[in-house]
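Breakdown of the fold
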Amino acid sequence: MILIQSPTRVFAFVRTELVQVLRRPAALLSLILGPFAIMVVFGLGYQGVRPNVRAIVVVPPSSGLPTDIETYRRPINGIDVVAVTPQVGPAEQELRDHTVDAVIVYPADLKTNFQAGKQSTIKVEVSLANPSDVVIAGGWAEQLATWTNQTMIETAVAGGEQAAPSSIKKIPPSVVAAPTKAELDNLSPAGSGVVPYFGPSVLILILQHLCVTLVAL
């Protein structure tokens, strides 16, 4: 008798729950379609391909570097140079207005420092909140300095600037090998740490899973 009553009680319990669920179709749809809708939103936010960094290159006339835009579009992948200008003020204003993503500033005394045996610093200004983007920006800033060093050495050799023994002696080998170095400056007001940037999104994701689980229960 007990064996017969147990399946009957189980069936009655399941039937009661099914009736209550069918009386609330909105709850049923939210439980089924809710997680899929959240996944769709996450999918729409995923790009898959990192867009190129829009950059303005500031080349002072006394630096001795070329000023045509095509020269700076070739050396580094991931950077889209939109303009080459001799003034740093308007370029930094466009960076603050988020018209561009980076400003690359070459020093005005670049050629003079090289002839005097001093290493120059290329200032790379960005406005990035994502810490992974900051790391990537530091990488292509180093690539930019490497390309600039190669260009300066090729120009010096082609121009015969080291023909005199005195000029060779006063330039240290380290400066001859690397006339410039890159210095990255992130102007973003948001914190660039991993925890401040990714922490809120991880917390929201945890709360979303908890809400779906509790509603299902």
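Here's what I pulled together on the structure shown here.

Criteria and cut-off values
Residues numbered from 1 in each chain as written. Predicted model: local features only at pLDDT ≥ 70, side-chain atom pairs only at ≥ 80, totals over all residues. Heavy atoms only, no water. Helix = DSSP H or I, 4+ residues; strand = E, 2+ residues; numbered from the N terminus. Buried < 20%, exposed > 50% of the residue type's maximum accessible area, 1.4 Å probe, protein only. Contact = heavy atoms within 4.5 Å. Polar contact = N/O pair within 3.5 Å; in protein donor to acceptor, adjacent residues only side chain to side chain. Phe/Tyr/Trp six-rings, centres within 6.5 Å; stacked < 30°, edge-to-face > 60°. Core = buried A, V, L, I, M, F, W, Y, C linked by side-chain atoms within 4.5 Å. Salt bridge = Lys/Arg side-chain N within 4 Å of Asp/Glu carboxyl O. Pairing = 2+ DSSP bridges. Axes fitted to C-alpha atoms, helices over the stretch in contact; angles between N-to-C directions.

Digging into the environment of S120
Along the polypeptide, S120 turns up in strand β4 (residues 120–126). On the basis of relative accessibility, which here comes to 2%, the residue S120 falls in the buried class. Placed 11 residues apart in sequence, S120 and D109 show a C-alpha to C-alpha distance of 8.0 Å. Residue contacts for S120: discarding those within four places in its chain leaves P107, D109, L110, N113, P179, T180 and K181. At 3.1 Å, the side chain of S120 and the side chain of N113 are in polar contact.

A look at the packing of aromatic side chains
The tally for this structure, following the rule as stated, stands at three aromatic pairs. Ring centres 6.2 Å apart and planes at 50 degrees place the aromatic pair Y72 and Y106 in the tilted group. Taken together, the residues Y72 in helix α3 (residues 69–73) and Y106 in the loop between β3 (102–105) and α5 (110–115) connect sequence positions 34 residues apart. Accessibility assignment for this pair places Y72 and Y106 in one class, buried. Centroid distance Y197 to F198: 4.9 Å. Interplanar angle 85 degrees. Geometry classified as edge-to-face. The class of F198 is partly exposed, set by a relative accessible area of 34%.

Concerning the nonpolar core
With 29 residues, the main nonpolar core has Y72, I104, Y106 and W140 as its most contacted residues. For this core, the secondary structure elements donating two or more residues are β1 (53–58), β2 (79–85), β3, α5, β4 and α6 (131–159). Excluding residues that lie within four positions of it along the chain, I104 makes contacts with A55, I56, V57, V58, I122, K123, W140 and L144. By size, the runner-up hydrophobic cluster in this structure holds seven residues, among which are I56, V58, V103 and V105.

Here we look at the pattern of salt bridges
This model, assessed by the stated rule, comprises two salt bridges. D101 is the partner of R54 in a salt bridge, and the nearest nitrogen-oxygen pair spans 3.1 Å. Taken together, the residues span a long stretch of sequence, with R54 in strand β1 and D101 in the loop between α4 (88–96) and β3 at a distance of 47 residues. Among the salt bridges present, the one from K123 reaches E125, with a minimum N-O distance of 3.1 Å. Given the relative accessible area of 2%, E125 is considered buried.

What to know about the sheet that holds β2
Pairing is mixed across the open sheet formed by five strands, whose spatial order is β2-β1-β3-β4-β5. With one partner strand each, in any of the chains shown, β2 and β5 (180–186) form the two edges of the open sheet. Geometrically, the sheet is characterised by an average inter-axis angle of 25 degrees between neighbouring strands, direction not taken into account. Where β1 lies against β2, six bridges are found, and the strand directions are parallel. From the neighbouring strand, A55 faces β2, where its bridge partner is V81.

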